[in-house]
Each structure stands twice: as C-alpha cells, then as structure tokens.
Amino acid sequence: MDTPMRQLILSLSMLAIVATVSACSSTSGSSVGNSSAAANAVAQADSDDPLICENYIPSGTRIARKVCIRKSEKDRIQEQAQTITQENQRQSVLGSPIGND
C-alpha cells in the first residue's frame, strides 16, 4: 500500500543517490588546468568578499559555536533583520490587523 507521499519520498531518495554517485565519479586529466583557474577565481572572490568568522552561544547551551559567513551574506542578514524589525514596529503602531484593539 504505497501512498503518493511515500512514492515521492522514494523517488527523491533515489534521485539524491544518483546525484551523489554521479558527483563522485572521476573526471579526465584536463581538470588540473581548470582547478588552478578555479583557485584564482576563489582567491579573487575572497579578496572582494572576505570570510568573517564569529563565535556565538546558541540559546539553551553555554557552548560557543564558530560560524563563518561571507561579508555580503552577513550584510544581507542584517538588512533583513532591520526590515523585519521596522515592519513589526509599524504593525504595533498601526494596531493588529485582526482588530483586537
């Protein structure tokens, strides 16, 4: 008795396995030249968008975790947080949309 959800999960699992196996297959020897070009591209990206590592303590524990993200990603996250905060403040001034005033 296979449900559509179970069939979907099995299909996605098989797809993931095939993708993993195909990604692990070896390539021809011409990739050596490409790897140096890729290394140069990564070095250029690192100078333009540095990696920032910070320690933070997740809620519910005292053990700090190290998290590393690119500066552009950190800026984007801070901008989103500021937008959400402003939206929440605007909603509190205007009152709840449900009408619990």
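Up top is the structure these notes are about.
Heads up: these notes are all about the structure in this document. (Residues numbered from 1 in each chain as written. Predicted model: local features only at pLDDT ≥ 70, side-chain atom pairs only at ≥ 80, totals over all residues. Heavy atoms only, no water.)

1. Digging into the overall build of the protein chain
Here's step 1: A count of helices and strands for the protein chain gives 3 helices and 2 strands.
Here's step 2: Listing every helix and strand of the protein chain by position from the N terminus yields α-α-β-β-α.
Here's step 3: Residue burial in the protein chain is summarised as follows: out of 101 residues, 3% are buried.
Here's step 4: For the protein chain, the accessible area works out to roughly 8,800 Å², and carbon and sulfur atoms hold 59% of it. (Helix = DSSP H or I, 4+ residues; strand = E, 2+ residues; numbered from the N terminus. Buried < 20%, exposed > 50% of the residue type's maximum accessible area, 1.4 Å probe, protein only. Areas by Shrake-Rupley, 256 points an atom, 1.4 Å probe, with all protein chains shown as cover.)

2. Description of the pattern of salt bridges
Here's step 1: Scanning all chains against the criterion turns up 4 salt bridges.
Here's step 2: Of the charged contacts in the structure, one is a salt bridge between Arg76 and Glu73, with a shortest N-O distance of 2.4 Å. Here the residue Arg76 and the residue Glu73 both occupy positions in helix α3 (residues 71–94), the gap between them amounting to 3 residues, near one helical turn. (Salt bridge = Lys/Arg side-chain N within 4 Å of Asp/Glu carboxyl O.)

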